Amino acid sequence: MATQDQRKAETRSRLIAAAADLFATKGFHAVSAEAVAEAAERTTGALYSHFGGKDGLLLALVDEWLEESAQRINTGVEASADLQGRLRSLWGDAIAPHEEYGDSWLLLEFELWLHAARDAAFAEDLAERYAQRRHELGLPLGAWTGDEGLGRLRHPERTAGLVIALLLGAAMQYRLDPASLSSDDVVAGLRALIEGDAK
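I will try to describe carefully the structure that is included in this document. All figures in this text were calculated on a predicted structure; none of them were measured in a lab.

Cut-offs and rules
Residues numbered from 1 in each chain as written. Predicted model: local features only at pLDDT ≥ 70, side-chain atom pairs only at ≥ 80, totals over all residues. Heavy atoms only, no water. Helix = DSSP H or I, 4+ residues; strand = E, 2+ residues; numbered from the N terminus. Expected span 1.5 Å × (residues − 1). Buried < 20%, exposed > 50% of the residue type's maximum accessible area, 1.4 Å probe, protein only. Contact = heavy atoms within 4.5 Å. Core = buried A, V, L, I, M, F, W, Y, C linked by side-chain atoms within 4.5 Å. Axes fitted to C-alpha atoms, helices over the stretch in contact; angles between N-to-C directions. Parallel < 35°, antiparallel > 145°, perpendicular 65-115°, else oblique. 1 Å grid on protein atoms, 1.4 Å probe; cavity = no way out; pocket = protein on both sides within 12 Å on 5 of 7 lines; lining within 4 Å. Points joined across faces, edges and corners; volume = space filled by probe spheres on them. Nonpolar A, V, L, I, M, F, W, Y, C, P; charged D, E, K, R; others polar. Left-handed = near helix turned anticlockwise from the far one by under 90°.

A separate point is helix H8 (residues 156-176). With 21 residues, H8 should reach 30 Å at 1.5 Å per residue; the first-to-last C-alpha distance of 31 Å fits that figure. Of all the residues in H8, the buried ones are Thr 159, Ala 160, Val 163, Ile 164, Leu 167, Leu 168, Ala 170 and Ala 171. For H8, the elements touching its buried residues are helix H5 (83-95), helix H6 (105-118), helix H7 (120-147) and helix H9 (183-197).

In structure tokens form, the structure reads like this:
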């Protein structure tokens, strides 16, 4: 028999998975808390108890997704011996179906941005997470630049923000037309951003 903590963890996991699917396919604003709870076979009360509402659920989804993405990227990076391979790993993660969310992550990314653009309080929460994302990526980017003999990055977090922007924009185009960009194109663009900030 499952413990109370296990039941709570399962409920949380089911609500996040249901939200990921519904928010990506129908849009955050088109989906009610009740619809998420029903899809997860849980009560609306459970959703509010765990997350405080739809905004909290969306942020929990972001946190889980970022953690999963960081683990995948680290695995890919550890298997790469040079900057080229590491950048290819970043791009591969951007376009590969994610274990939990399939290829819906890009739709979720835009749902996040749209909601933040319309809701100042949510925008602050999301901006904090993007700042964390830039910080966490800026550190290895600086190390990779040094490993490659390019010197050091002057603005690691700013460069990380540009890397994220390029990956998102490229992934958006790739999703609609995979022939529009090659991996070599994207990796060259990423390398140019990094070399442009190195000294």
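This part covers the nonpolar core. Membership of the largest hydrophobic core comes to 53 residues, with the highest contact counts inside it found for Phe 23, Val 36, Leu 57, Leu 87, Leu 90, Leu 141 and Leu 167. For this core, the element with the highest residue contribution is helix H4 (residues 54-78), accounting for nine residues. Those residues in contact with Leu 167, other than ones at most four positions away along the chain, are Leu 90, Trp 91, Ala 94, Val 186 and Leu 190.

Across the interface, H5 lies against H7 with an axial gap of 10 Å and an inter-helix angle of 155 degrees. The angle between H5 and H7 places the two elements in the roughly antiparallel class. Residues Leu 83, Arg 86, Leu 87 and Leu 90 of H5 form the contact with H7, whose participating residues are Leu 137, Trp 144 and Asp 147.

Once that is clear, we can look at empty space enclosed by the protein. Applying the stated criterion to the full structure yields one cavity of 30 Å³ or more. By volume, the largest cavity is sized at about 30 Å³. In this structure, the largest cavity is lined by Val 62, Trp 65, Leu 66, Glu 109, Leu 112, Leu 126, Tyr 130 and Arg 133. Mapped onto the lining of the largest cavity, the elements with two or more residues apiece are H4, H6 and H7. Looking at the lining of the largest cavity residue by residue, the classes come out as six nonpolar, no polar and two charged.

With that out of the way, let us pick up the packing of H6 against H7. Contact pair H6 / H7: the axes reach a minimum separation of 6 Å and the direction vectors enclose 130 degrees. Between H6 and H7, the crossing angle belongs to the class labelled oblique. Helix-helix and strand crossings are classified by hand; for H6 and H7 the assignment is left-handed. Each of Glu 109, Leu 112, Trp 113, His 115, Ala 116 and Arg 118 in H6 lies in contact with H7, whose residues at this interface are Ala 120, Phe 122, Ala 123, Leu 126, Tyr 130 and Arg 133. Counted by class, the contact of H6 with H7 contains eight nonpolar, one polar and three charged residues.

Helix length check: H5, at 13 residues, gives a terminal C-alpha distance of 19 Å against a target of 18 Å (1.5 Å per residue), a fit within 8%. Three or more residues of H5 are buried, namely Leu 83, Arg 86, Leu 87, Ser 89, Leu 90, Trp 91, Asp 93 and Ala 94. Those residues of H5 that are buried lie in contact with H4, H6, H7, H8 and H9.

A positive phi angle, close to 60 degrees, is found at Glu 41, a residue other than glycine. On the secondary structure map, Glu 41 appears in the loop between helix H2 (33-39) and helix H3 (44-51). On the basis of relative accessible area, Glu 41 is assigned to the exposed category, the value being 60%.

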